[in-house]
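The chain contents come next:
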Amino acid sequence: MKDKKSRKITLADAFIVFAFLIVSMLSTILLFGGKPHIPLVASIVVASTIGMLKGFSWAEIEAGIIDSIASAMASILMLLVVGIIIGTWTLGGVVPTMIYYGLELLSPKIFLVTACAICGVVSLFTGSSWGTLGTVGVALLGVGRGLGIPDGLIVGALISGSYFGDKLSPLSDTTNLAPAVSGATLFDHVRHMMYTTIPSILIAMAIYGVLGLKFAGTELDYDKISILRNAISGSFKVSLLMFLPPAVVIMLVIRKVPALPGLMVGAILGAVCAALFQGAGMADIIRASHLGVTVNTGVAEVDKLLSGGGINSMLGTTALGLLALSFNGVIERIGVVNVVIERIIKFADTDGKLIFSTLLTSLFINFASGVQKCAIALPGRMYKDIYRQRGLAPKNLSRCCEDAGTVAAPLVPYSTDAAFLSGTFGVDPMMYIPYCFFSMISPIISMIFGFTGFSIAKLSPEEMEKIAQEEAAASNPVVVG
């Protein structure tokens, strides 16, 4: 085994790892029309090889991979449960009912703003952007398609609303993670985020409103909408009772039932609706949960809209998530991320530069690892003491971690978030990324506030004194015995 000094990863090593990732990813996606899976496998090999050449054993690297996967296992399981939900809710008439009424009530002019707002409210109350997008979002995509709006634009609006609500929800795992790693309290963190989050979503919704005007002059094809609605009602029993499963899921999460059990209850209720109202047998329910639903209404648009779901539909997405987590585990274990962050910290000699560096670090980790929680947890851990030393309240750090860590994840085409979104909606990430306005605006607003000092909270003299006492106690431990 090489000594500890020889195990240190250099900036050149880090450059090789990330340059290979970016070049292989872009060339595979843009030149060869491939998926992100194989570039991630190759990047894992390159990073592992560099680590082993530096003296890390394969056992250490493998342990890093396992730890990384274990930290996000709940998200991986949620992918599979959402696949089941889409299958049972379609078979049970839940999604068809939402689309049926949505085609009647929503117009192209207000659809994008309304869809963004609906997802924001649901995500705020449930604390789950993925849960919202995998249920209400699927139905709203169907409505938007029926109104003639492009898929990428619809999904961008749905993502903006869902990540806004998730970001401010005390029930969200990311909203709890950011203050936990930064040293802030949960509700101080949530209140402090409002300064950047609310302006960001208002600007995003204004943009969606302007874009919606493009479709305002488009005269609705009421004959087509009638055909779509008749095809749905002819193949499924449409009833307001079908809103019961999503209502129950929302209520369960509001009552702080964990997301996975809550979503599983929703999947079971979808199966109950399929049996009671749609005449589905157990074999049909099992098939829909596993393989998805194949709809044959005689109307191609409806068949395409309602066919899909099931665990199988999420297997490619799950594989991508596991590979992204594996890559993150390797680069974190061998120290690739730390060597880059160390260079960034040297640049941060003012409060504004420190805020900017934090945002840049979160964005960098998002694009380097493709794992949202890493883009929150790593900067929180790395910058925690620096913020305290500068006299900055920890809620500034936790807000930055969310402004760039939480909301930017969908912008990374090979991230676990993008994998979930493309698997759920059947839309390539490059189609929706240009329309994720909330995700783009949030880090910019946060950066502006950092350089201007607006809403940047300072530690009180009492808090600074307490920190000094804690550091003194840590440096002079009391020996007993």
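Because the structure is predicted, anything quoted here is derived from the model rather than measured.

## As for the overall build of the chain
Helices and strands together make up the secondary structure of the chain, namely 24 helices and zero strands. Relative to the 2.2 N^0.38 estimate, which gives 23 Å for 481 residues, the radius of gyration of the chain is 24 Å and therefore close to what a compact globule would have. With the C-alpha coordinates aligned to their principal axes, the bounding extent of the chain is approximately 75 × 50 × 50 Å. Counting across all 481 residues of the chain, residues that qualify as buried make up 54%. Considering only contacts within the chain whose residues lie at least 6 apart along the sequence, 80% involve residues at least 24 apart. Surface summary for the chain: the accessible area is close to 20,300 Å², and the carbon and sulfur share equals 67%.

## A word on the environment of Gly405
When you line up the elements, Gly405 lands in helix 20 (residues 394–406). Residue classification places Gly405 among the buried positions, given a relative accessible area of 0%. For the pair formed by Gly405 and Ile376, sequence separation is 29 residues and the distance between their alpha carbons is 5.1 Å. Discounting residues that sit within four places of it in the chain, Gly405 has contacts with Ser362, Asn366, Gln372, Ala375, Ile376 and Cys400.

## Quick word on the packing of aromatic side chains
With the rule as written, the count across this model stands at 11 aromatic pairs. Ring plane angle 90° and centroid distance 5.4 Å describe the contact between Tyr100 and Tyr101, whose orientation is recorded as edge-to-face. Given the relative accessible area of 17%, Tyr100 is considered buried. Judged by relative accessible area, which is 22%, Tyr101 ranks as partly exposed.

## Some remarks on the environment of Pro179
With respect to the helices and strands, Pro179 occurs in helix 9 (residues 173–182). Residue class for Pro179 comes out buried when judged on its relative accessible area of 3%. Taking the C-alpha atoms as reference points, Pro179 and Asp284, 105 residues apart in sequence, are found 45 Å from one another. What Pro179 contacts, discounting residues up to four positions off in sequence, is Ala184, Thr185, Leu186, His189 and Ser398.

## Observations regarding the packing of helix 7 (residues 129–146) against helix 8 (residues 151–168)
Between helix 7 and helix 8, whose axes approach to 10 Å, the crossing angle comes to 150°. Here helix 7 lies roughly antiparallel to helix 8, going by the angle between them. Note on packing geometry: the crossing formed by helix 7 with helix 8 is right-handed. Residue-level contacts link Ser129, Trp130, Thr132, Leu133, Gly137, Leu140, Leu141, Gly144 and Arg145 of helix 7 to Asp151, Ile154, Val155, Leu158, Ile159, Ser162, Tyr163 and Asp166 of helix 8. Residues of the contact of helix 7 with helix 8, tallied by class, amount to nine nonpolar, five polar and three charged.

## Points about the nonpolar core
With 136 residues, the main nonpolar core has Phe111, Leu158, Phe327 and Phe425 as its most contacted residues. In this structure Phe111 touches Leu106, Leu140, Val143, Gly144, Leu147, Ile149 and Ile154, once residues within four positions along its chain are discounted.

## Side note on the packing of helix 9 against helix 19 (residues 372–389)
The interhelical angle for the contact between helix 9 and helix 19, taken along N-to-C directions, is 20°, at an axis separation of 8 Å. Taken together, the axes of helix 9 and helix 19 lie roughly parallel to each other. The two elements helix 9 and helix 19 meet at a crossing, and its hand is right-handed. Facing helix 9, whose interface residues are Asp173, Thr174, Leu177, Ala178, Val181 and Ser182, helix 19 presents Gln372, Lys373, Ile376, Ala377, Gly380, Arg381 and Lys384. The class makeup of the residues in the contact of helix 9 with helix 19 is five nonpolar, four polar and four charged.

## What to know about unusual backbone geometry
For Ser455, which is not a glycine, the phi torsion comes out positive at approximately 70°. With relative accessibility at 15%, the residue Ser455 sits in the buried group.

## Here we look at the pattern of salt bridges
In total, this model carries seven salt bridges according to the counting rule given. When the shortest N-O distance is used, the salt bridge between Lys167 and Asp403 registers 2.6 Å. One end of the pair, Lys167, is in helix 8; the other, Asp403, is in helix 20, and 236 residues separate them in sequence. Like Asp403, Lys167 is buried. Taking the shortest distance from any N to any O, the salt bridge between Asp284 and Arg287 comes out at 3.2 Å. A residue pair is termed a helical-turn pair when its members lie 3 or 4 positions apart in one helix, as Asp284 and Arg287 do in helix 14 (residues 282–290) at three residues.

Thresholds applied
- Residues numbered from 1 in each chain as written.
- Predicted model: local features only at pLDDT ≥ 70, side-chain atom pairs only at ≥ 80, totals over all residues.
- Heavy atoms only, no water.
- Helix = DSSP H or I, 4+ residues; strand = E, 2+ residues; numbered from the N terminus.
- Rg over C-alpha atoms; globule rule 2.2 N^0.38 Å.
- Buried < 20%, exposed > 50% of the residue type's maximum accessible area, 1.4 Å probe, protein only.
- Contact = heavy atoms within 4.5 Å.
- Areas by Shrake-Rupley, 256 points an atom, 1.4 Å probe, with all protein chains shown as cover.
- Phe/Tyr/Trp six-rings, centres within 6.5 Å; stacked < 30°, edge-to-face > 60°.
- Axes fitted to C-alpha atoms, helices over the stretch in contact; angles between N-to-C directions.
- Parallel < 35°, antiparallel > 145°, perpendicular 65-115°, else oblique.
- Left-handed = near helix turned anticlockwise from the far one by under 90°.
- Nonpolar A, V, L, I, M, F, W, Y, C, P; charged D, E, K, R; others polar.
- Core = buried A, V, L, I, M, F, W, Y, C linked by side-chain atoms within 4.5 Å.
- Salt bridge = Lys/Arg side-chain N within 4 Å of Asp/Glu carboxyl O.

The quantities given are spatial measurements derived from coordinates; they are silent on function.
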